[in-house]
Amino acid sequence: MTYDTIIRNGRWFDGTGGPSAVRNIGIRDGHVAAISVEELDATNCPRIIDATGKWVIPGMLDIHTHYDVEVLEGPALAESLRHGVTTVLLGSCSLSTVHVDATDAGDIFGRVEAIPRDHVIDAVARNKTWSTAEEYVKALEDRPLGPNVAAFIGHSDMRAATMGLDRATREGVRPTAAEQAQMERWLSEALTAGFVGMSSQQLLFDKLDGEVCRSRTLPSTYARPRELRRLKSLLRRSGRVLQSGPDIQNPLNLVSQLAQSLGGFRNPLRTSLLSAADVKSNPYSIHLLGPMARLVNRLGGDFRWQHLPVPFEVYADGIDLVVFEEFGAGAAALHLRDEVERDALMRDEAYRRRFRKDYEDKFGIRVWQRDFFDTEIVACPDASVVGKSIGAVGLQRGGLHPVDAFLDLVVEHGRRLRWRTTISNHRPEVLRKLAAEPGVQMGFSDAGAHLRNMAFYNMGLRLLRHVHQAEQERRPFMTLEQAVHRLTGELADWYRLDAGHLRLGDRADVVVVDPAHLDESLDRYAEAPVEAYGGMSRMVNRNDETVTAVLVGGRTVFLDGRPTELLGRRRTGRFLRAAHKAPALARKEMAGVG
């Protein structure tokens, strides 16, 4: 027998959570053709990868990305591939580009996801050749995709395209019967085309960009229960997924989102909700999330929280950070696009009083802990403040209130003031409990968005490091096999995608990990230019010695931390249609298995 690639002597994980073992893997025609204790015949095999001492795992899934714009002009999506992610899901948070036009896409993506609005408009205007979900799938597969791609269709996308962005974001305006029917028809078409489901959003601090509708919330937040029920009924009947974000300031909305998963006399609604996070602003709420999910699922629901399994560390250039959208004074500053106007506002004493009041308000549910002492300035033209907290700078400047210290620094230095804070997931012991919680999914990386604010492309590797280190310290909280399953097969099975497994006949999406380099390199800060966005610099992760090989569909796209000649030139990934499984290889091709 001949193989296209042989991976020798690696510790093989099949993605099911079953036992791992040292095996030789033979790959032919894009599939796993042999898994053997014995050495495989390498005659005429063009690529042999020595995985001695390394782990051979299925390609990981990233279930929450915002690559919808980048995939149009940078379809290699190399930042995810280089860290072992071989399948990404588009269309999160009610945002997609299936039906919305270029300008509306810019208004919807620009501020919410911190992607430059002009780049969004240009990319969609240059590339959009589709008008249906099926044509969108074809357009993606006509590009040299690096990883596999699956997708939600965005509720805000459909609502804005049907009603017009202005009407879709006005209180009290409901879709006409014809407009409601159009959204239902589009959702049905997307499900038929193999989309995993629909994403919606009720979170009220996600704001629109542009001029006409600037600072309004996303279109999906204006939908009333009847509109949502009719769309959700299509998801129930088809067994597809609703991804949603609740209005965290309204506990009844959260309870409703949990209860909607229950079936009763209907099919349960498969629901993935944002998000299970150990937020500093409310350290007790996290203890309710697991029991809530278990209760709903015990009563017949099919519910999962999305969870980022690493500390949620964010960076900001000046005041440009989405968490300021959650209170009035912060949103007022971000509403102003002109820096002169913004600086004038931040100098105004009445505005500062309002900001101080919002900052000191400790009541209510919020994302940011609002503590400028819990920050670190990492870059500034004034070198004397680098390494200090913003609160400490206030003390240094004669006992200024932390808000005044912050606003002074922003007025003085604008976006050249770069600072960071950790908002959530800061307690390792809580992360361990969440990682093992059955009602939690590993996800929420936001890859492709918030380009200057955060980078979690290697979140899967960081979870594997956490599990591996706990094993070495003889304090295990889950097995490595379970951890790999959580990042691969568990997600693929729940979303019904042909991915996440490494068994005979499975598609050969493969990652080779060197456990010796699951180390501090995973935490290092790095930036790199994005060609798709005019070369702007974004935060990335760089730990190229950790992942030594990545294969998509049996073809090697990364080797020793560097992209191969295939990446970005030929399509290696494909659009994965939900509920679709590729046929296994015929048994007669399985010779040499053992």
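Residues numbered from 1 in each chain as written. Predicted model: local features only at pLDDT ≥ 70, side-chain atom pairs only at ≥ 80, totals over all residues. Heavy atoms only, no water.

A. Region of interest: the environment of A447. Within the secondary structure layout, A447 lies in the loop between β16 (440–442) and α18 (459–472). Assessed through its relative accessible area of 3%, A447 is described here as buried. Each C-alpha atom, one on A447 and one on V310, is 14 Å from the other, the two residues being 137 residues apart in sequence. If sequence neighbours within four positions are ignored, A447 has contacts with D62, H64, T65, H66, Y67, S80 and Y457. (Helix = DSSP H or I, 4+ residues; strand = E, 2+ residues; numbered from the N terminus. Buried < 20%, exposed > 50% of the residue type's maximum accessible area, 1.4 Å probe, protein only. Contact = heavy atoms within 4.5 Å.)

B. Fine view of the layout of surface pockets. Of the pockets and cavities examined, the largest pocket occupies roughly 970 Å³. Surrounding the largest pocket, 42 residues form its lining, I248, L274, S275, V279 and V367 being those nearest its centre. Of all the secondary structure elements, the ones that give two or more residues to the lining of the largest pocket are α10 (251–259), α11 (286–298), β13 (312–317) and β15 (418–424). It is α11 that contributes the most residues to the lining of the largest pocket, 3 residues altogether. (1 Å grid on protein atoms, 1.4 Å probe; cavity = no way out; pocket = protein on both sides within 12 Å on 5 of 7 lines; lining within 4 Å. Points joined across faces, edges and corners; volume = space filled by probe spheres on them.)

C. Up close: the pairing of strand β11 (residues 270–274). Burial of β11 is extensive: 5 of the 5 residues sit out of reach of the surface. A two-sided burial pattern is seen for β11, the buried positions comprising R270, S272 and L274 on one face and T271 and L273 on the other. The pairing of strand β10 (residues 241–244) with β11 spans 4 bridges and is parallel. Pairing of Q243 across the sheet is with S272, part of β11. Traced from β10 through α10 to β11, the parallel crossover comes out right-handed. Note that β11 and strand β12 (residues 302–307) share 5 bridges and pair parallel. Looking at the pairing, L273 lines up with W305 of β12. As a crossover connection, the stretch from β11 through α11 into β12 is right-handed. (Pairing = 2+ DSSP bridges. Right-handed = clockwise from strand over helix to strand, strands pointing away.)

D. Empty space enclosed by the protein, seen in detail. In this structure the tally under the stated criterion is 2 cavities of 30 Å³ or more. Roughly 50 Å³ of internal volume is contained in the largest cavity. Surrounding the largest cavity, M60, L61, D62, V85, F456, Y457, M459, G460 and L487 form its lining. Contributions of two or more residues to the lining of the largest cavity are made by β6 (60–62) and α18. Per-element accounting of the lining of the largest cavity gives the leading share, 3 residues, to β6. Class assignment of the residues belonging to the lining of the largest cavity gives a composition of 7 nonpolar, 1 polar and 1 charged. As for the second largest cavity, its lining consists of S445, D446, A447, G448, A449, M454, A455, F456 and Y457. (Nonpolar A, V, L, I, M, F, W, Y, C, P; charged D, E, K, R; others polar.)

E. Structural view of the sheet that holds strand β7 (residues 85–90). Spatially, β6-β7-β8-β9-β10-β11-β12-β16 is the arrangement adopted by the 8 strands of the open sheet, whose pairing is parallel. The open sheet has two edge strands, β6 and β16, and neither has a second partner. Strand-to-strand twist across the sheet, computed as the mean angle between neighbouring axes with direction ignored, equals 30°. Examined bridge by bridge, strand β9 (residues 197–199) and β10 share 3 bridges and lie parallel to one another. Paired with G197 across the two strands is V241, which belongs to β10. With respect to the sheet, helix α6 (residues 155–163) is in contact with β8 (148–154) and β9, its orientation differing from that of β8 by roughly 50°. (Axes fitted to C-alpha atoms, helices over the stretch in contact; angles between N-to-C directions.)

F. Region of interest: the nonpolar core. Among the nonpolar cores identified, the biggest contains 101 residues, and I57, L90, I108, L187, F195 and W305 are the most heavily contacted of them. Counting residues in each nonpolar core, the second largest holds 40 residues, with V310, I377, V410 and W419 among its members. (Core = buried A, V, L, I, M, F, W, Y, C linked by side-chain atoms within 4.5 Å.)

G. The arrangement of the UniProt feature "domain: Amidohydrolase" (unreviewed entry) in the protein chain in detail. Annotation from UniProt places "domain: Amidohydrolase" (unreviewed entry) at residues 47–236. For residues 47–236, helix accounts for 41% and strand for 14%, while the C-alpha atoms at its two ends are 46 Å apart. (UniProt positions renumbered as here; feature names shortened; annotations may be inferred.)

H. Spotlight on unusual backbone geometry. Cis geometry marks the peptide bond from L274 to S275; its omega dihedral reads -20°. Along the chain, S275 turns up in the loop between β11 and α11. Even without being glycine, D29 reaches a positive phi, approximately 55°. In this structure, D29 sits in the loop between β2 (21–28) and β3 (31–36). For D29, a relative accessible area of 62% corresponds to the exposed category.

I. Broad picture of the environment of G448. Counting through the fold element by element, G448 comes out in the loop between β16 and α18. Residue G448 is classed as buried on the basis of its relative accessible area of 0%. Distance in space between the C-alpha atoms of G448 and E70 is 7.0 Å, their sequence separation being 378 residues. If we ignore the near neighbours within four places in the chain, the residues touching G448 are H66, Y67, E70, I115, Y457 and R538.

J. The arrangement of the domain arrangement of the protein chain in detail. Domain boundaries in the protein chain define domain 1 (60–311 + 425–513) and domain 2 (316–422). Inter-centroid distance (C-alpha atoms) of domain 1 to domain 2 is 30 Å. Across the boundary between the two partners, domain 1 contributes 20 residues, which contact 20 residues of domain 2. Taking both partners together, domain 1 and domain 2 bury about 1800 Å²; carbon and sulfur atoms supply 47% of that area. (Domains from an automatic or database assignment. Buried area = accessible area lost by both parts, 1.4 Å probe.)

K. Quick peek at the packing of helix α3 (residues 102–110) against helix α4 (residues 117–127). The geometry of α3 relative to α4 is characterised by a closest axis approach of 8 Å and an angle of 145° between their N-to-C directions. Crossing of α3 against α4: the hand is right-handed. On the side of α3, the interface is formed by A102, T103, A105, G106, D107, F109 and G110, while α4 contributes R117, V120, I121, V124 and A125. Partitioning the contact of α3 with α4 into residue classes produces 7 nonpolar, 3 polar and 2 charged. (Left-handed = near helix turned anticlockwise from the far one by under 90°.)

L. Expanded view of the side chain of E179. On the secondary structure map, E179 appears in helix α8 (residues 177–192). A polar side-chain atom of E179 sits 2.7 Å from a polar atom in the side chain of R167. Residues within four places of E179 in sequence aside, it is in contact with T162, M163, R167 and R174. (Polar contact = N/O pair within 3.5 Å; in protein donor to acceptor, adjacent residues only side chain to side chain.)

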